[in-house]
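Residues per chain, in single letters:
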Amino acid sequence: MRTLSILAFLAAALIVSAAAGILVGAVAIGPSDVLAALFGSNDVNGTIIRELRLPRVLGAALVGGSLATAGALLQGLLRNPLADPFVTGTSAGATLAAVGAIALGASAPIVPLAAFAGALVAVTIVWRLARLGGSTTVLTVLLAGVVLTSFVGAVVTFILVSSDRLALRLRAVLGWLQGGVSVISWEELAVAAVIVAAGLAFALFLAHRLDAYAFGEETAATLGVDPDRTTTAVLAATALLSGAAVALAGLVGFVGLVVPHALRFAIGATHRRLIPASFFAGAAALVLADLGARVLLSPAELPVGAITGLVGAPFFLALLVRSRRVVV
Amino acid sequence: MRSRVFAFIVVLLLSISACGGAVSVSPSPSITASPFPATLSDFQNRSVTITSRPERLVSIGPSITAFLFALGAGPRVVGVDDFSDEPAEAATRDHVGGIKVNFEKVVALKPDLVFSVKFSDGTIEKLQAASLNVLVVDPQSVSDVARTATLLGRAVGADGEGLARSIQQRVDAVKTKTANVATRPRVYHEIDASDPAKIFTVGPGSYINDLIDIAGGVNIAARAASAYPQLSAEEILRSDPEIIVLSADAYSSKPGDVAARQGWSIIGAVKNNRIFTIDPNLINRPGPRVGEAAEAYAKLVHPELFR
């Protein structure tokens, strides 16, 4: 019952944030005009609301929800509160694949699929390294993330600089790198929504297995959970969610880290609750972060990743200090 | 990563033609009776003395290079920046760097006079420290063009006033044509849409804003706070431009891309298929071709005047 009421509260928070996100923009449009615009008024306000603000808010919600859910999955799988798609380099892998696809001229449906593939490769590498690491798992995962992220940064720089020579689509890459959630087409949104829905359904299906996992792989095996198959499935779900998020918004850090972690205090570590709660809370958090990105320095706009970094990075450091496994 | 990309774009954008920003313009330069020695006041209000007719010129700034060749001083130009490609002959001179000046190359060319646009990174001071005579010339608006022609003419001992007059005549001819137009269409000039949320356009104090005005249009960002403001797509949709002008270079969007942007189909210029491109060298550099630039722009804004 308590879980249901928390989920209802988070869903309500998402709706309120989304309403705020649609009401506030670069151009002032009154609430009644916004309502009229949502229900089909045919003037410029209608276009601004339906074609610019609404996809932006929905995109931010999808991205935040996906990243938070992927974070919950990774934290459960690695039994490590410091994991999320950003710090493990999963998002970086997706970014590299997406940039490559865009540079070669791929269109909207291809980019998130490429990002999914990139995320899958990256998260599998991190998982393999973590298993090798033994007692230094946390550090190994974080270092793998740092290495992957800087490697991707280098390759993206290479693509940007060599775009002339290799006849790549520089403007499209720059637009994607710069854009964040600011400009999202309905087509991109539809493709991402399908992928996110698949990832989320997968994650919900895996929730009870992850709960068994919390006691260690051997215990999980005695509870009838096949560790290898579960691992593969969790990695795939993580890659689906991170890939869709990166395809829509590029690199957005720390949502996947902070949201599930904070929720554990409120609703406990049971994944059957944590996963849906993470989706709603992550969605609301990123819609609010994007609103902050638009309002804080108005008329200038911050990338949404700057807001999540401002809030998330100190939180991450605090966790790192508290994590005894790292301090030793 | 994003911030690095952003810096890259800004550097590209503001590289040579617009690196000065808003700096107040001094009154016309002073001059002594005979051509040389001449003491001139440059665009940074520095007093520069040129003792005899300069024979080895280095130009750091594509518009300066274009002026020097227009003044007939081309044969004396021994070095230019990497972006100087007008006239074509200019590109054959030794190159001395682009966004970053290669000081060793400049010194090795043994120039007796160096022309440079404004730099905020100490480039001018370093050139001076190398005992070079430096004249800062940085035209940013249409009205700067005549002053530039006159100043450079005095610096190299050529008829700058004559060049200034002929440029002004051509600009005035366009102004006369557009003076009595019935309507002044709203014009949106796109500089860079790499960040689709905040698109760079032109504001008051920019060369292109002047061109739009002379061409008989109204810049939708004419009341912006800076010379190169950023607009959100919402603001552009709301201002409903009747004409959209893009630069015809590799880095700019193409008319088809602009028309296909989400929500932009409601804009008049998109509905009426009035999205045009213009030669980037004409509009990026306030140079001796300013009259040609004004005419090219006017042909886009008021094609009916040129039939």
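Note that the coordinates shown come from a computational prediction; the quantities given were computed from them, not determined experimentally. (Residues numbered from 1 in each chain as written. Chains lettered and ligands numbered in written order. Predicted model: local features only at pLDDT ≥ 70, side-chain atom pairs only at ≥ 80, totals over all residues.)

Draft legend 1. Broad picture of the overall build of chain A. Scanning chain A from N- to C-terminus turns up 14 helices and zero strands. Counted from the first residue to the last, chain A has its helices and strands arranged as α-α-α-α-α-α-α-α-α-α-α-α-α-α. Here the C-alpha atoms of chain A give a radius of gyration of 20 Å, agreeing with the 20 Å that 2.2 N^0.38 yields for 328 residues. Counting only C-alpha atoms, chain A reaches 65 × 60 × 35 Å along its principal axes. Residues classed as buried in chain A amount to 53% of the 328 residues present. Put simply, 77% of the contacts in chain A that link residues at least 6 apart link residues at least 24 apart. (Helix = DSSP H or I, 4+ residues; strand = E, 2+ residues; numbered from the N terminus. Rg over C-alpha atoms; globule rule 2.2 N^0.38 Å. Buried ≥ 20, exposed ≤ 12 C-beta atoms within 10 Å, placed from the backbone. Contact = placed C-beta atoms within 7 Å.)

Draft legend 2. Molecular detail of the pairing of strand β12 (residues 243-247) of chain B. All names here are of chain B. Among the five residues that make up β12, five are buried, leaving the element largely enclosed by the rest of the structure. Side chains I243, V245 and S247 project from β12 onto one buried face, and the interleaved I244 and L246 project onto a second face that is buried too. Examined bridge by bridge, strand β8 (residues 186-192) and β12 share four bridges and lie parallel to one another. Residue Y188 lies in a different strand from β12, and its bridge partner there is I244. (Pairing = 2+ DSSP bridges.)

Draft legend 3. Structural context of the interface of chain B and chain A. Listed by partner, the interface residues are 22 residues for chain B and 24 residues for chain A. Elements with a minimum of two residues in the side of chain B that touches chain A: α1 (2-14) and α8 (233-239) of chain B. Looking at the side of chain B that touches chain A element by element, the count peaks at five residues for α8(B). In the side of chain B that touches chain A, the residues fall into 10 nonpolar, five polar and seven charged. (Nonpolar A, V, L, I, M, F, W, Y, C, P; charged D, E, K, R; others polar.)

Draft legend 4. View of the sheet that holds strand β3 (residues 57-60) of chain B. Residues and elements named next belong to chain B. Pairing within the open sheet is parallel, and its five strands lie in the order β5-β4-β3-β6-β7. Each edge of the open sheet is held by one strand with a lone partner, namely β5 (94-95) and β7 (134-136). The pairing of strand β4 (residues 77-80) with β5 spans two bridges and is classified as parallel. In the strand pairing of β5, V80 is matched with H95. Against the sheet, helix α2 (residues 62-70) touches β3, β4 and β6 (113-116), its axis set at about 140° to β3. (Axes fitted to C-alpha atoms, helices over the stretch in contact; angles between N-to-C directions.)

Draft legend 5. View of the packing of helix α3 (residues 44-78) of chain A against helix α10 (residues 227-249) of chain A. Residue and element names in this part refer to chain A. One way to put it is that α3 packs onto α10 with a least axis distance of 8 Å and a crossing angle of 155°. The angle between the axes of α3 and α10 places the two elements in the roughly antiparallel class. Where α3 crosses over α10, the two elements pack in a sense that is left-handed. Note on element contacts: α10 touches α3 through T231, V234, A237, T238, L241, S242, A244, A245, L248 and A249, opposite G59, L62, V63, S66, L67, T69, A70, L73, L74 and L77. A breakdown of the residues in the contact of α3 with α10 according to their chemical character gives 14 nonpolar, six polar and no charged. (Parallel < 35°, antiparallel > 145°, perpendicular 65-115°, else oblique. Left-handed = near helix turned anticlockwise from the far one by under 90°.)

Draft legend 6. Here's a closer look at the environment of G61(B). All names here are of chain B. With respect to the helices and strands, G61 occurs in the loop between β3 and α2. Judged by the 27 C-beta atoms lying within 10 Å of it, G61 is buried. The spatial distance from the C-alpha of G61 to the C-alpha of D82 is 8.8 Å, given a sequence separation of 21 residues.

Draft legend 7. Quick look at the nonpolar core. Ranked by internal contacts, the top residues of the largest apolar core, which has 202 residues, are A98(A) and L211(B). The greatest single-element share of this core, amounting to 18 residues, is contributed by α3(A). Mapped onto the domain boundaries, this core takes at least three residues apiece from domain 1 (2-137) and domain 2 (174-306) of chain B. Once residues lying within four places of it in the same chain are set aside, the contact partners of A98(A) are V111(A), A114(A), A115(A), G118(A), V246(A) and A247(A). (Core = buried A, V, L, I, M, F, W, Y, C linked by C-beta atoms within 7 Å. Domains from an automatic or database assignment.)

Draft legend 8. Main features of the confidence of the model for chain B. Residue and element names in this part refer to chain B. Summing up the model confidence of chain B, the mean pLDDT is 87 and the portion of residues at 70 or higher is 89%. In the model of chain B, α1 stands out as the element of lowest mean pLDDT, 45, in contrast to strand β10 (residues 218-219), which has the highest, 97. Within the model, the stretch residues 1-33 combines pLDDT values under 50 with 59 contacts to residues more than four positions away or in other chains. For this predicted complex, the interface score ipTM comes out at 0.77, alongside a pTM of 0.79. (pLDDT = per-residue confidence, 0-100.)

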